[in-house]
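Residue strings, one per chain:
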Amino acid sequence: MWLRIFIQFTKMKNLLIIAMAMEFLSLSACSQNKASVAEAAQTYPVSKTEAEWKKVLTPEQFYILREKGTERAFTGTYWDNHENGIYYCAADHQELFSSETKFESGTGWPSFWQPINETAVSEQMDNSHGMVRGEIVCSKCGGHLGHVFNDGPKPTGLRYCMNSAAMKFEKK
């Protein structure tokens, strides 16, 4: 009897460990440390104080765009959007991505294989969460959009994993 209880306890403990690991991975797949965008050394054409940003962004947008946060997978507005149009920065309305380059990555975040043009976004090094990856920011305001990975489809082989709350979508 004690052996059965011990085996049952061990199975439950292992399931709990697996569930916790999956939760951590889902939160960190496109997230990064909470350092403020204001700490970045680069300057951008659109520049506002934290107080000014808080006036024009929702709390979720501020958390993602200015504090480098992330939304949970499969909860954003655009991860499953299949309409034709353009994705803009939620902070400054700069064109970022076209629906023509959006693809189903299975990650729960809107994913694109290429920005709308070469100057729409900038890539910075992100070493948070024990990973090395490219952070993608809006080249106009420096707002955190998401990350880029080398596991995307042809022709670029890239996956721009973006936060829905960092963008606004307009139908064509």
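For the structure, see preceding data.
Below, the structure is looked at part by part. All figures in this text were calculated on a predicted structure; none of them were measured in a lab. (Residues numbered from 1 in each chain as written. Predicted model: local features only at pLDDT ≥ 70, side-chain atom pairs only at ≥ 80, totals over all residues. Heavy atoms only, no water.)

Next up on the list: the packing of aromatic side chains. Evaluated as defined, the whole model comprises 7 aromatic pairs. With a centroid separation of 5.6 Å and 80 degrees between ring planes, the pair formed by Y78 and Y87 is classed as edge-to-face. Neither Y78 nor Y87 differs from the other in exposure class; each is buried. In textbook terms, an aromatic cluster arises when at least three aromatic residues are bridged by ring pairs, as seen for Y78, Y87, F97, F112, Y160 and F169. A cation over an aromatic ring shows up here: K48 above the ring of W53, its NZ or CZ 5.1 Å from the ring centre. (Phe/Tyr/Trp six-rings, centres within 6.5 Å; stacked < 30°, edge-to-face > 60°. Buried < 20%, exposed > 50% of the residue type's maximum accessible area, 1.4 Å probe, protein only. Lys NZ or Arg CZ within 6 Å of the ring centre and 35° of its normal.)

What follows concerns the environment of C89. The topology assignment puts C89 in strand β1 (residues 85-89). On the basis of relative accessible area, C89 is assigned to the buried category, the value being 1%. The spacing of C89 and H144 is 55 residues in sequence and 9.7 Å in space, taken between C-alpha atoms. When neighbours within four sequence positions are excluded, C89 is seen to be in contact with L65, Q94, L96, C138, C141 and A166. (Helix = DSSP H or I, 4+ residues; strand = E, 2+ residues; numbered from the N terminus. Contact = heavy atoms within 4.5 Å.)

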